[in-house]
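Each chain, letter by letter, is given below.
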Amino acid sequence: MAPSPYVDDARDIKEDNPFESMMSRFDEAARLLDLDPNLYTIMRWPNREITTYVPVFMDDGHVEVFVGYRVQHSFARGPAKGGIRYSPDVNLDEVRALAAWMTWKCAVVNVPFGGAKGGIICDPHQMSPGELERLTRRFTAELIDFIGPERDVPAPDMNTNEQVMAWMMDTYSMHARHTVTAVVTGKPVDIGGSRGRRDATGRGLLIVSNEAVKKFKLNIPDTRVVIQGSGNVGGTAARLMHEVGYKVTAISDIYGGIVNEKGLDVPAVLKYLGENKTLEGFEGADRITNAEILELECDILMPAATENQITSKNAHKIRCKVLAEGANGPTTANADKILADAGVFVIPDILANAGGVTVSYFEWVQNRMGYFWREDVVNERLADIMVASFNDVVRFAEKHSVNARIASYMLAIDRVGSDVRMRGIYA
Ligand code: NAD
């Protein structure tokens, strides 16, 4: 058998490698499901990994070559689906983990997609709009044979946005010689984006938090919420949670956080952040670090920034009832065990932040129909799927006496495995 790139010994995982964290949970869930050995062998591998070297004319006339990845983890349930990230920290193991999480996430919310993820090693904050456009277009051209509405449908992720998706859609369409809106999601609404997509991940977090509040018989006005990150996910979740009456007591950005135990004036915080590009100097709250924010006593803790924030080093200091994971992979596999022992109810990333991909699915459907839905229709359909998925995971956890993290992996692996089995193995 070819050597697998995947970890063989879940007991010896490198804690800060998100791919190994993901695989150790996969292995545990597969073992508990007693997964057919042939399915197990197949599902431990991604379908395809593309590495491409992308030349770009920089503004001063010299050429730089950027390394880009697209990992297509699974096509078993439909086209691969997942975001594109621009960051100096991008690496193949991170993209592999994120691609696999997309497969499991789409299966948890039962949308007909597989999983993929892409990334380019670059520092977008040091690049001009022209350089970013040329980088995006050439990367799209390199991927042209591998993406498409029936093949693989990219979306925004960290440091990519609606404009980047517009460039990708346009480049793909120029090669196809006609406009193909469904090749990417997360586009501007005017050129085929879905109403409600911008808020969808934050709205999904609100919906699953509401379900957890019901489950634990909390009441919303007394429920203290702490959010790490104030970008698309964290900022939107803060706004929506505040609107329905939750007490958001702390929030952060990359430079640190602010806390007010009586509850923050969230619209004022977001206005300040929009104007100043930092939370520093906001009046009416105390300053804390990004490490301290995670250790605040609260009812719902929402890490919505990046990976590996809750690890074996700080998990025993976490003082929340519910951990709702806005980011992908904010908690390591080693930390899971500490949180489970402490009785923290984890709403795992592949469920909690699945609102984004769910509305991306709606965008793809609307593009293919050429008929666009009202925002209230999008939000209602999103709520139906998020509530049903939350309940599916909770029922699976109870049935198999496992925590919600492992239950969500088991549910996803069961669905993907059953589809692979039904299609048959073309070997
Ligand atoms: P974003 O760039 O809009 O915001 C990220 C936020 O985190 C910012 O407030 C930033 O200051 C902060 N941050 C970044 N690096 C940090 C660090 N090292 N320490 C502390 N804070 C840091 O990104 P986003 O779209 O909000 O995504 C956040 C997370 O959610 C990522 O893990 C992403 O993969 C995940 N996610 C996003 C979506 C989506 O629809 N945007 C969907 C599902 C999951």
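What you see is a predicted model; the values in this text were computed from it and never measured.

K.L.:
Explain the pairing of strand 6 (residues 224-228) to me, please; I cannot follow it from the model alone.
P.N.:
In regular strands, side chains alternate between the two faces of the sheet. With four of its five residues buried, strand 6 lies for the most part within the structure. Relative to strand 7 (residues 247-253), strand 6 is paired through four bridges, and the arrangement is parallel. When the bridges of strand 7 are listed, Val226 appears paired with Ala250. Across four bridges, strand 6 lies against strand 10 (residues 300-303) in parallel orientation. Bridge pairing in strand 10 places Val226 opposite Leu301.

K.L.:
Can you walk me through the domain arrangement of the chain in this structure?
P.N.:
When the parts of a complex come together, some accessible area is lost, and that lost area is often taken as the interface size. According to the domain assignment, the chain consists of domain 1 (46-181) and domain 2 (200-352). The distance between the C-alpha centroids of domain 1 and domain 2 comes to 28 Å. Taken together, the 10 residues of domain 1 in the interface contact eight residues of domain 2. In this assembly, domain 1 packs against domain 2 so that about 730 Å² is buried in total across both faces, 59% of it on carbon and sulfur atoms. Area buried by domain 1 at its contact with domain 2 is led by Trp101, Lys105 and Val108, which between them contribute 56% of it.

K.L.:
Would you explain the site of the ligand in this entry?
P.N.:
Taken together, 20 residues sit near the ligand, with Thr201, Ser230, Val233, Ile254 and Asn328 positioned nearest. Note that an oxygen atom of the ligand is positioned 2.8 Å from one of the backbone N or O atoms of Ile254. Between the ligand and Asn328, the relevant distance is 2.9 Å, taken from an oxygen atom to a side-chain nitrogen or oxygen of the residue. Within the shell around the ligand, the residues separate by chemical class into six nonpolar, 10 polar and four charged.

K.L.:
Help me understand the sheet that holds strand 4 (residues 115-121), please; the structure alone is not making it clear to me.
P.N.:
What holds strands together in a sheet is hydrogen bonding between their backbones, with the strands either parallel or antiparallel. Strand order in the open sheet formed by five strands is 1-2-4-3-5, and the pairing between neighbours is mixed. Each edge of the open sheet carries a strand with a single partner, namely strand 1 (48-57) and strand 5 (152-156). Within this sheet the neighbouring strands show an average axis-to-axis angle of 25 degrees, counted without direction. Here six bridges tie strand 2 (residues 63-74) to strand 4, and the two strands are oriented antiparallel to one another. Each residue of the ladder has a partner; that of Tyr69, found in strand 4, is Gly119. Relative to strand 5, helix 5 (residues 162-176) is tilted by about 150 degrees, and along the sheet it contacts strand 3 (80-87) and strand 5.

K.L.:
For this particular structure, what's the right way to read the state of the cysteines?
P.N.:
Any covalent bond linking the sulfur atoms of two cysteines counts as a disulfide. Within the structure shown, the criterion is met by zero disulfides. Free of any disulfide, Cys298 has its nearest neighbouring cysteine sulfur in Cys320, separated by 5.2 Å.

K.L.:
Mind showing me how you'd approach helix 4 (residues 129-142) here?
P.N.:
Spacing of three or four residues puts side chains on the same side of an α-helix, whose turn is 3.6 residues. Here helix 4 spans 20 Å end to end across 14 residues, near enough to the 20 Å set by a 1.5 Å rise per residue. Within helix 4, the full set of buried residues consists of Glu131, Leu132, Leu135, Thr136, Phe139 and Thr140. An end-on view of helix 4 places all buried positions within 160 degrees of arc, on one side of the element. The inward-facing, buried residues of helix 4 abut strand 1, strand 2, strand 3, strand 4 and helix 5.

K.L.:
Would you explain the nonpolar core in this entry?
P.N.:
Buried together is how nonpolar side chains tend to be arranged in soluble globular proteins. Formed by 86 residues in total, the largest nonpolar core has its most connected members in Met22, Trp104, Ile227, Ile300 and Ile347. Two domains each provide a minimum of three residues to this core, namely domain 1 (46-181) and domain 2 (200-352). In contact with Ile227, other than residues within four places in its own chain, are Gly234, Ala237, Ala238, Val248, Ala250, Ile251, Ser252, Ile293, Met302 and Ala304. Listed in part, the 25 residues of the second largest apolar core include Met58, Ile120, Leu143 and Met165.

Calculation rules
- Residues numbered from 1 in each chain as written.
- Predicted model: local features only at pLDDT ≥ 70, side-chain atom pairs only at ≥ 80, totals over all residues.
- Heavy atoms only, no water.
- Buried < 20%, exposed > 50% of the residue type's maximum accessible area, 1.4 Å probe, protein only.
- Helix = DSSP H or I, 4+ residues; strand = E, 2+ residues; numbered from the N terminus.
- Pairing = 2+ DSSP bridges.
- Domains from an automatic or database assignment.
- Contact = heavy atoms within 4.5 Å.
- Buried area = accessible area lost by both parts, 1.4 Å probe.
- Near = heavy atom within 4 Å.
- Polar contact = N/O pair within 3.5 Å; in protein donor to acceptor, adjacent residues only side chain to side chain.
- Nonpolar A, V, L, I, M, F, W, Y, C, P; charged D, E, K, R; others polar.
- Axes fitted to C-alpha atoms, helices over the stretch in contact; angles between N-to-C directions.
- Disulfide = S-S within 2.5 Å.
- Expected span 1.5 Å × (residues − 1).
- Arc of directions from axis to C-beta.
- Core = buried A, V, L, I, M, F, W, Y, C linked by side-chain atoms within 4.5 Å.

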